[in-house]
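A structural walkthrough
Residues per chain, in single letters:
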Amino acid sequence: MNEPTVEGRKLSRSFGWLALLGTLLVIAGVIGLVYTGVATLTSMLLFGWLLLVGGLVGLLHAIESRGTNYFWLGVVVAALNIAAGVVVIKHPEGTAEALTMFAALLFLTGGVFRLVGSVVVRGPQMGWTLLQGAFGLLLGLLVLFDWPHSSLYVLGCFFSLALLFDGFGLIAFGLGGRRIVSMVSGRLDETAPHSDEPIKSPEDEQK
């Protein structure tokens, strides 16, 4: 078996694993859209653990760089990340409520700025900008009026949709990569010499 064929099979296997990972993400996204409360708590716990682990890693880096001008800044940032991670892990529901309120305010302010900016500037994309601003304003009002109950499903929906789109992207990338590898491998097999053909030496060619 020649080396290009072996490498092609390895690449095809790697792309297959990517497609499998994408399928798992899609399944997780669909389950999260069905059980948005569980998805919200899961996303909060993951967020808390990321803060905690990131704070610990940052603290280790700060200790390794002691004696420099950035030592205390690194210690302070790492301590804040660790403290925030502990709070999020211990109080995921309260954190979800606070982040949902923050998201609603972002939607409101973003929608208002887009609406005002589109009316003032009156550019070629005015209609599209007006639509985006109106959608952001409406979404912010809906989340805000249903708060704190909206914290049970808003973040979970966003988290699940992110998993869903990332999963579809990995599936498309994996299947497309496998298809390209199979096409390249097929062309290499067609151009490669067959194993049953004798290899001629320079002396045989002169005869």
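Scope of this entry: the structure provided in the associated data block. (Residues numbered from 1 in each chain as written. Predicted model: local features only at pLDDT ≥ 70, side-chain atom pairs only at ≥ 80, totals over all residues. Heavy atoms only, no water.)

**A look at the overall build of the protein**
- For the protein, the helix and strand inventory stands at seven helices and zero strands.
- Reading the secondary structure of the protein in the N-to-C direction produces α-α-α-α-α-α-α.
- Considering the protein as a whole, with its 207 residues, one finds that 26% of them fall into the buried category.
- In the protein, once contacts between residues fewer than 6 apart in sequence are set aside, the share between residues at least 24 apart is 81%.
- For the protein, the exposed surface amounts to about 14400 Å²; the carbon and sulfur share of it is 72%. (Helix = DSSP H or I, 4+ residues; strand = E, 2+ residues; numbered from the N terminus. Buried < 20%, exposed > 50% of the residue type's maximum accessible area, 1.4 Å probe, protein only. Contact = heavy atoms within 4.5 Å. Areas by Shrake-Rupley, 256 points an atom, 1.4 Å probe, with all protein chains shown as cover.)

**Observations concerning the packing of aromatic side chains**
- Per the stated rule, a full pass over the model turns up one aromatic pair.
- Seen in terms of ring centroids, Phe107 and Phe158 are 6.0 Å apart; in terms of plane orientation they differ by 75°. Their pairing is edge-to-face. With Phe107 in helix H4 (residues 92–121) and Phe158 in helix H6 (residues 154–191), this pair connects stretches of sequence that are 51 residues apart. (Phe/Tyr/Trp six-rings, centres within 6.5 Å; stacked < 30°, edge-to-face > 60°.)

**Description of the packing of helix H2 (residues 36–64) against helix H3 (residues 71–90)**
- At a minimum axis distance of 7 Å, the contact between H2 and H3 shows a crossing angle of 155°. In terms of orientation, H2 lies roughly antiparallel with respect to H3. Crossing of H2 against H3: the hand is left-handed.
- Considered class by class, the residues forming the contact of H2 with H3 number 18 nonpolar, six polar and no charged. (Axes fitted to C-alpha atoms, helices over the stretch in contact; angles between N-to-C directions. Parallel < 35°, antiparallel > 145°, perpendicular 65-115°, else oblique. Left-handed = near helix turned anticlockwise from the far one by under 90°. Nonpolar A, V, L, I, M, F, W, Y, C, P; charged D, E, K, R; others polar.)

**Quick notes on a nonpolar patch on the surface**
- Side chains of Trp17, Leu20, Leu24, Ile27, Val30, Ile31, Val34, Tyr35 and Val38 sit close together on the surface and give an oily, nonpolar patch of about 940 Å² of accessible area.
- Here Val38 lies in helix H2.
- On the basis of relative accessibility, which here comes to 55%, the residue Val38 falls in the exposed class. (Patch = residues over 30% accessible without salt bridge, like charges linked within 9 Å, V, L, I, M, F, W, Y side chains within 5 Å. Salt bridge = Lys/Arg side-chain N within 4 Å of Asp/Glu carboxyl O.)

**With respect to the side chain of Thr95**
- Here Thr95 is to be found in helix H4.
- Assessed through its relative accessible area of 13%, Thr95 is described here as buried.
- Looking at Thr95, its side chain comes within polar contact range of the main-chain oxygen of His91, at 2.8 Å.
- Leave out the neighbours within four places in its chain, and Thr95 touches Met44, Val87 and Val88. (Polar contact = N/O pair within 3.5 Å; in protein donor to acceptor, adjacent residues only side chain to side chain.)

**Some points on H2**
- Its 29 residues give H2 an end-to-end C-alpha distance of 42 Å, which sits within 8% of 42 Å, the value for a rise of 1.5 Å per residue.
- Taken residue by residue, H2 has Thr36, Ala39, Thr40, Ser43, Met44, Gly48, Leu51, Leu52, Gly55 and Ala62 as its buried positions. (Expected span 1.5 Å × (residues − 1).)

**Looking at helix H5 (residues 126–145)**
- For H5, spanning 20 residues, the distance from its first C-alpha to its last is 28 Å, which sits close to the expected 28 Å at 1.5 Å a residue.
- Residues of H5 that are buried include every one of Gly133, Gly136, Gly140 and Val143, and no others. Projection of H5 onto a plane perpendicular to its axis shows the buried side chains occupying an angular sector of 105°, all on one side. Those residues of H5 that are exposed and angled more than 90 degrees off the buried face are Leu131, Phe135, Leu142 and Phe145. (Arc of directions from axis to C-beta.)

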